[in-house]
Amino acid sequence: DYLIKNVRPLFDKIPYTLTQNQEDAICSLVYNIGKGAFLKSKLFAAIVARNFPEICRQWDFGFKQNLKGLFKRRTEELYLFMKDI
């Protein structure tokens, strides 16, 4: 199972409890960009630091490519991540 093998261990590196929506958003992103890219990202550092303004700035994987579908996906993931805050 992809979630258990690749994403669940990432949640253990975050020093606070994530909501289900936050876990789902991260899972979607990691499935798309890969675990290694996520762990090296400024986004991951912002999530660990619980820096919500920086999370919003960094949740931009693919935006520079200006792909309409990818922009929609990233926007939905970010909305899901921030929904319960």
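As shown above, the structure is provided for reference.
These remarks concern the structure in this document. All values derive from a computational prediction rather than experimental measurement. (Residues numbered from 1 in each chain as written. Predicted model: local features only at pLDDT ≥ 70, side-chain atom pairs only at ≥ 80, totals over all residues. Heavy atoms only, no water.)

Some thoughts on helix α1 (residues 2–11)
Taken residue by residue, α1 has Asn6, Val7, Leu10 and Phe11 as its buried positions. An end-on view of α1 places all buried positions within 135° of arc, on one side of the element. Looking at α1, the residues exposed on the side facing more than 90 degrees away from the buried face are Ile4 and Lys5. As for α1, its buried residues are in contact with α2 (20–33), α3 (35–40) and α4 (42–48). (Buried < 20%, exposed > 50% of the residue type's maximum accessible area, 1.4 Å probe, protein only. Helix = DSSP H or I, 4+ residues; strand = E, 2+ residues; numbered from the N terminus. Arc of directions from axis to C-beta. Contact = heavy atoms within 4.5 Å.)

Thoughts on the pattern of salt bridges
Here the structure, examined in full by the defined rule, presents five salt bridges. Residue Arg8 is joined to Glu23 by a salt bridge in which the shortest nitrogen-to-oxygen separation is 3.6 Å. Pair noted here: Arg8 is in helix α1 and Glu23 is in helix α2, with a separation of 15 residues, a long-range link. Looking at Arg8, the relative accessible area reads 34%, which means it is partly exposed. (Salt bridge = Lys/Arg side-chain N within 4 Å of Asp/Glu carboxyl O.)

Re the nonpolar core
Core analysis: the largest hydrophobic core is formed by 21 residues, its most contacted members being Ile26, Phe38, Ile47, Ile55, Trp59 and Phe81. At the level of secondary structure, the elements contributing two or more residues to this core comprise α1, α2, α4, α5 (52–58) and α6 (68–82). If you tally residues by element for this core, the top one is α2, at five residues. Those residues in contact with Ile47, other than ones at most four positions away along the chain, are Ile14, Tyr16, Ile26, Phe38, Ile55, Trp59 and Phe81. (Core = buried A, V, L, I, M, F, W, Y, C linked by side-chain atoms within 4.5 Å.)

Structural notes on the side chain of Glu77
When you line up the elements, Glu77 lands in helix α6. Overall, the relative accessible area of 4% leaves Glu77 in the buried class. At a separation of 2.6 Å, a polar atom in the side chain of Glu77 contacts the side chain of Ser28. When residues no more than four places from it in sequence are discounted, the contact partners of Glu77 are Ala25, Ser28, Leu29 and Trp59. (Polar contact = N/O pair within 3.5 Å; in protein donor to acceptor, adjacent residues only side chain to side chain.)

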